[in-house]
Amino acid sequence: MRKSRRKTVAARRLVLVAILTLAVPAAGCGRENDNQTPADEAPVEVSLPSPATRGEVSLEEAIQARRSVRSFTSRRLTREEVSQLLWAAGGRTIDGVTGPTRSYPSAGGIYSLSILLAAGEVEGISPGVYRYDWRENSLRLIRSGDPRSDLARAALGQGAVRRAPASIVIVGDVQRTAARYGERGRDRYISMDTGHSGQNVSLQAQALGLGSVIIGAFRDEAVKEVLGIERETPLYIIPVGEPAS
Ligand SMILES: Cc1cc2nc3c(=O)[nH]c(=O)nc-3n(C[C@H](O)[C@H](O)[C@H](O)COP(=O)(O)O)c2cc1C
């Protein structure tokens, strides 16, 4: 009698453990380090069209015309535009002395920045947060679902983030630069790297006939939550879209 009760209790425990094992990952917040499967059917890997290295607008014209744009039309961004913007932010360029290099200079060639895409309305790319693979010129899904409203809230309610079809988000592994350069790396170099990458995005957007604004005012922890990242620090949010005249 006692033996069979013990068996029943053990069986119940087994069922409970099985339920918890299945339920906990599904209920998680979807951070990429959690090793979880994205919630819906958005493809995990997205390849992008090759970026162009020639354009119709000169660098001088782009510098001359750039200004912050905070209002956008309802036009979606194309995959070509997104690919071009991501490449400008931190894509692969020429092969330098130390191997393939990127679109912006980085202190000590450490490249502690990563480029994320917060996509709402992009042709051929499901809404979600993605990490840019600079070597492959492709995207990897971090989490599904349109992040714009939450991201705008985390950016102190700034409407440009909600209204733009997508934002390029620059995040950085501050410890990585600090490990080499200490305080100077943490307080200066990482921000300098970010400025170079951000300016590339601004000028590339301008050259494509798009508008953008550099956004530095946001709550770090809230932005991290929306992006589904843990270790890195968000540095810039750059909403991009067709300017509303
Ligand atoms: C570090 C930094 C942070 C900024 N943060 C914001 C921001 O949070 N929101 C915003 O609307 N503009 C932001 N801007 C954009 C500036 O307001 C804008 O560049 C400035 O007013 C000059 O205007 P212009 O870009 O049209 O030349 C930021 C710019 C920089 C460089």
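This text gives an overview of the structure that appears in the document. In every chain, residue numbers begin from 1 and rise along the written sequence. Only residues with pLDDT of 70 or above have their local features reported here, since the model is predicted, and side-chain atom pairs are shown and tallied only from 80 upward, although totals for entire chains, interfaces and linings are computed over all residues. For the side-chain quantities, the full set of heavy atoms in the structure was used; hydrogens and water were omitted.

1. Concerning the environment of Pro147
For clarity, the threshold we go by: A helix here means a DSSP run of H or I that spans at least four residues, while a strand means a run of E at least two residues long, and both kinds are numbered starting from the N terminus. By definition in these notes, contact holds between two residues if any of their heavy atoms fall within 4.5 Å.
As for its placement among the helices and strands, Pro147 is situated in the loop between strand 6 (138-144) and helix 4 (148-154). Setting aside residues up to four positions removed in sequence, Pro147 forms contacts with Ala118, Ala119, Gly128, Val129 and Val226.

2. As for the site of the ligand
Test applied: We define proximity as follows: a residue is near a molecule or strand when any one of its heavy atoms falls within 4 Å of that partner. Two N or O atoms count as a polar contact when they lie within 3.5 Å, although within protein this holds only if one can serve as hydrogen donor and the other as acceptor, and sequence-adjacent residues are included solely when both atoms are side-chain atoms. In short, Shrake-Rupley with a 1.4 Å probe defines the accessible areas, and a residue's cover is counted only from the protein chains shown. Under the scheme applied, nonpolar residues are Ala, Val, Leu, Ile, Met, Phe, Trp, Tyr, Cys and Pro; charged residues are Asp, Glu, Lys and Arg; polar residues are all the others, including Gly.
Around the ligand, the surrounding shell consists of Arg66, Arg67, Ser68, Arg70, Gln158, Val213, Ile214, Ile215, Gly216, Ala217 and Tyr236. A distance of 2.9 Å is found between an oxygen atom of the ligand and a side-chain nitrogen or oxygen belonging to Arg66. The separation between a nitrogen atom of the ligand and a polar main-chain atom of Gly216 is 3.0 Å. Its free accessible area being 620 Å², the ligand has 51% of it covered by the protein chains. Looking at side-chain class alone, the shell around the ligand contains 5 nonpolar, 3 polar and 3 charged residues.

3. Concerning the sheet that holds strand 1 (residues 45-47)
Heads up, the condition is: What makes two strands pair is DSSP finding at least two bridges between them. Structural elements are reduced to axes, namely lines fitted to C-alpha atoms, with helices fitted over the stretch in contact, and the angle between N-to-C directions of any two is expressed from 0 to 180 degrees.
A sheet is described by the order of its strands in space; here 7 strands give the open sequence 1-6-5-4-7-9-8, paired in antiparallel fashion. The outermost strands of the open sheet, each flanked by one partner alone, are strand 1 and strand 8 (211-212). Sheet strands touched by helix 6 (residues 174-207): strand 4 (113-119), strand 7 (166-172), strand 8 and strand 9 (233-241). Its angle to strand 9, the strand with the most contacts, is close to 0°. Those strands touched by helix 7 (residues 220-227) are strand 4, strand 5 (128-133), strand 6, strand 7 and strand 9, and its axis lies near 65° from that of strand 9.

4. A word on the packing of helix 3 (residues 79-90) against helix 6
Here is the rule we go by: Geometric relationships in this document are graded by angle, where less than 35 degrees denotes roughly parallel, more than 145 denotes roughly antiparallel, 65 to 115 denotes roughly perpendicular, and other angles denote oblique. Left-handed describes a crossing whose near helix is turned anticlockwise from the far helix through less than a right angle; right-handed describes the clockwise counterpart.
Interaxial distance between helix 3 and helix 6 falls to 7 Å at its minimum, and their mutual angle equals 150°. In terms of their interaxial angle, helix 3 and helix 6 are classed as roughly antiparallel. Where helix 3 crosses over helix 6, the two elements pack in a sense that is right-handed. Within the contact between the two elements, helix 3 uses Gln84, Leu85, Trp87, Ala88 and Ala89 and helix 6 uses Ser197, Asn200, Val201, Gln204 and Ala205.

5. Points about helix 7
We apply this condition: Per-residue accessibility, obtained with a 1.4 Å probe over protein chains only, is compared with the maximum for each type, and a residue is labelled buried under 20%, exposed over 50%, and partly exposed between these values. Picture the helix axis, draw a direction to every C-beta atom, and the arc is the one those directions span.
When we look at burial in helix 7, the residues that qualify are Val223, Lys224, Val226 and Leu227. The buried residues of helix 7 occupy an angular sector of 160° when the element is viewed end-on, so they sit on one face. Contacts from the buried residues of helix 7 go to strand 4, strand 5, strand 6, helix 4, strand 7 and strand 9. Just past helix 7, the residue Gly228 takes up positive phi, approximately 75°.

6. Details of unusual backbone geometry
Phi at Tyr111 is positive, roughly 50°, even though this residue is not glycine. Looking at the element boundaries, Tyr111 is found in the loop between strand 3 (99-102) and strand 4. Tyr111 gets classed as buried once you look at its relative accessible area, which sits at 13%. Not every positive phi belongs to a glycine, and Leu156 is a case in point at roughly 55°. Assignment of secondary structure puts Leu156 in the loop between helix 4 and helix 5 (159-163). Judged by relative accessible area, which is 55%, Leu156 ranks as exposed.

7. Here's the deal with helix 6
Put simply, the test is: Expected helix span is given by 1.5 Å per residue-to-residue step, counting one fewer step than there are residues. The angle separating two fitted axes, one through the seven residues that finish at a residue and one through the seven that start at it, defines the bend at that residue.
Compared with the 50 Å implied by 1.5 Å per residue over 34 residues, the 31 Å span of helix 6 between its first and last C-alpha is markedly short. In the structure, helix 6 departs most strongly from a straight axis at Tyr181, where the bend amounts to approximately 145°. Positive backbone phi, approximately 80°, marks Gly209, located one or two places after helix 6.

Distances and angles like these do not, on their own, reveal function.
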